[in-house]
Amino acid sequence: MAPRYSVLPDFCMLSSRVRLVTTTARLVHSLIYSSSRSFMDLKALLSSLNDFASLSFAESWDNVGLLVEPSPPHTVNTLFLTNDLTEEVMEEALQKKADLILSYHPPIFRPMKRITWKTWKERLVIRALENRVGIYSPHTAYDAAPQGVNNWLAKGLGVCTSRPIHPSKAPDYPTEGTHRVEFSVTHTQDLDKVISALKEIAGVSVTSFSARTDDEEQTRLSLNCTQQALMQVVAFLSQNRQFYQKTEILSLEKPLLLYTGMGRLCTLDESVSLETMIERIKSHLKLSHVRLALGIGKTLESPVKVVALCAGSGSSVLQGTDADLYLTGEMSHHDVLDAASQGISVILCEHSNTERGFLSDLRDMLDAHLENKINIILSETDRDPLHVI
């Protein structure tokens, strides 16, 4: 019997050594992986995120950017991506040691009058601050971006060319100022006096050029000026009418951006049946079911050449757009009826189902953009609240 009893301690010791080696290997792997990533200062990270997709692309009504900020300095090692920040998702983010949560939808939208434990959105703020976790939301800035949500949604249609339905405007004017004022100087001897007086007005740049009017050579002045400076320029001209004639005041427009804006109008290289398009969309979004409203006079065999799409809630963006098919997450009952009456079929996939899949692409793009400096992970608990049963 003695040999039987002596084997057990040896086996336990061997087993313990195996566990020790395994644990050590895991620890070394973890340390190697962690050492390959570095921290980023929160402000530096926010600047990089804005370089990736400018918050200026967002709609004016939206609430984007840094919504919750821990007391500085704050460094970020782990960036956590989610479509919606619910309490369940927050718990997951805390378990995974997130330092910054990028929530596509802003969890804070309407103003908060107090921060208590009473409502779930208030609790999100409390838990974030208690655990020193920042919350950032890009929302419609990512909708408009050339490499954003709507472009990702369009990838499921097949080979096509696309353009924004509502192009964004550039954040800056093409030249200095918001207005241009042009006029002719009546007498050449007054030119220096007029130019000198106008250059004293802040926010005004002055150039001169020759122009022939009524067979007469004249000097015209062109002024680029800000909105505030415009009022001073007009006041100067009103008080010195003897110096000028033939005045024009032009409002400068910010140029449209060709590949940036809300929604996408997609023209397929080759038409496909509506039935084929439905299957493509279901495959791209990994859905077993979608909702379909057939346009008047259309069937599942009707050809689809032009698709107008908008991730999320697309009524306001898609309305009035000429297409064979509207693709979005949700639309009001009456907007669906309006589209169908015009022979436009409508596919609805539920709001966040048209957005969430983009996060996988976003993770890869941000990894490259941030040069793998931080860990970027996707939520595993984030999901659309609606289910087909």
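Just so it is clear, the model here is predicted, and its values are computed rather than measured.

### A short note on the UniProt feature "binding site: a divalent metal cation" (unreviewed entry) in the protein
With numbering matched to this structure, UniProt assigns "binding site: a divalent metal cation" (unreviewed entry) to His-105, Asp-143, His-351 and Glu-355. For this annotated set, covering 251 residues, all C-alpha atoms fall within 13.3 Å of each other, a compact arrangement in space. One can find Asp-143 in helix H5 (residues 140-144). On the basis of relative accessible area, Asp-143 is assigned to the buried category, the value being 8%. Ignoring anything within four residues of it in the chain, the contact list for Asp-143 reads Tyr-104, Val-149, Asn-150, Gly-261, Met-262 and Arg-264. Along the chain, the position of His-351 falls in the loop between strand E18 (345-348) and helix H12 (358-369). Classification of His-351 by relative accessible area gives partly exposed; the value is 23%. Here His-351 is in contact with His-105, Gly-312, Ser-313, Gly-329, Glu-330 and Asp-384, once residues within four sequence places are set aside.

### Concerning helix H7 (residues 191-199)
The set of residues buried in H7 consists of Leu-191, Val-194, Ile-195 and Leu-198. Burial along H7 is one-sided: seen end-on, the buried residues are contained in an arc of 95°. What points out from H7, more than 90 degrees from its buried face, is the exposed set Asp-192 and Lys-193.

### Concerning the pairing of strand E17 (residues 325-330)
Counting buried positions over the six residues of E17 gives five, a clear majority of the element. Judged from the five bridges that link them, strand E16 (residues 303-313) and E17 form a sheet pairing that is parallel. Paired with Leu-309 across the bridge in E17 is Leu-327. Pairing between E17 and E18: four bridges, direction parallel. Within E18, the position partnered with Leu-325 by the bridge is Ser-345. The β-α-β motif built from E17, the intervening helix H11 (residues 333-341) and the parallel element E18 has right-handed crossover chirality.

### Describing the packing of helix H3 (residues 87-95) against helix H4 (residues 120-130)
It is at 10 Å that the axes of H3 and H4 come closest, and there the two elements cross at 10°. One element, H3, and the other, H4, form an angle in the roughly parallel class. For the pair H3 and H4, contact is made by Glu-87, Met-90, Glu-91 and Leu-94 and by Trp-120, Arg-123, Leu-124, Arg-127 and Ala-128, respectively. For the contact of H3 with H4, the residue count by class is five nonpolar, no polar and four charged.

### Let's talk about the side chain of Asp-384
Along the chain, the position of Asp-384 falls in the segment after strand E19 (375-378). Comment: no salt bridge for buried Asp-384; closest opposite-charge side chain is Arg-356, at 4.7 Å. Of note is the side chain of Asp-384, whose polar atom sits 2.6 Å from the side chain of Ser-352. A distance of 2.9 Å separates the side chain of Asp-384 from the backbone nitrogen of Leu-386, its partner in a polar contact. When neighbours within four sequence positions are excluded, Asp-384 is seen to be in contact with Glu-350, His-351, Ser-352, Asn-353 and Arg-356.

The rules behind the values
Residues numbered from 1 in each chain as written. Predicted model: local features only at pLDDT ≥ 70, side-chain atom pairs only at ≥ 80, totals over all residues. Heavy atoms only, no water. UniProt positions renumbered as here; feature names shortened; annotations may be inferred. Helix = DSSP H or I, 4+ residues; strand = E, 2+ residues; numbered from the N terminus. Buried < 20%, exposed > 50% of the residue type's maximum accessible area, 1.4 Å probe, protein only. Contact = heavy atoms within 4.5 Å. Arc of directions from axis to C-beta. Pairing = 2+ DSSP bridges. Right-handed = clockwise from strand over helix to strand, strands pointing away. Axes fitted to C-alpha atoms, helices over the stretch in contact; angles between N-to-C directions. Parallel < 35°, antiparallel > 145°, perpendicular 65-115°, else oblique. Nonpolar A, V, L, I, M, F, W, Y, C, P; charged D, E, K, R; others polar. Lys, Arg positive; Asp, Glu negative; His and termini not counted. Salt bridge = Lys/Arg side-chain N within 4 Å of Asp/Glu carboxyl O. Polar contact = N/O pair within 3.5 Å; in protein donor to acceptor, adjacent residues only side chain to side chain.

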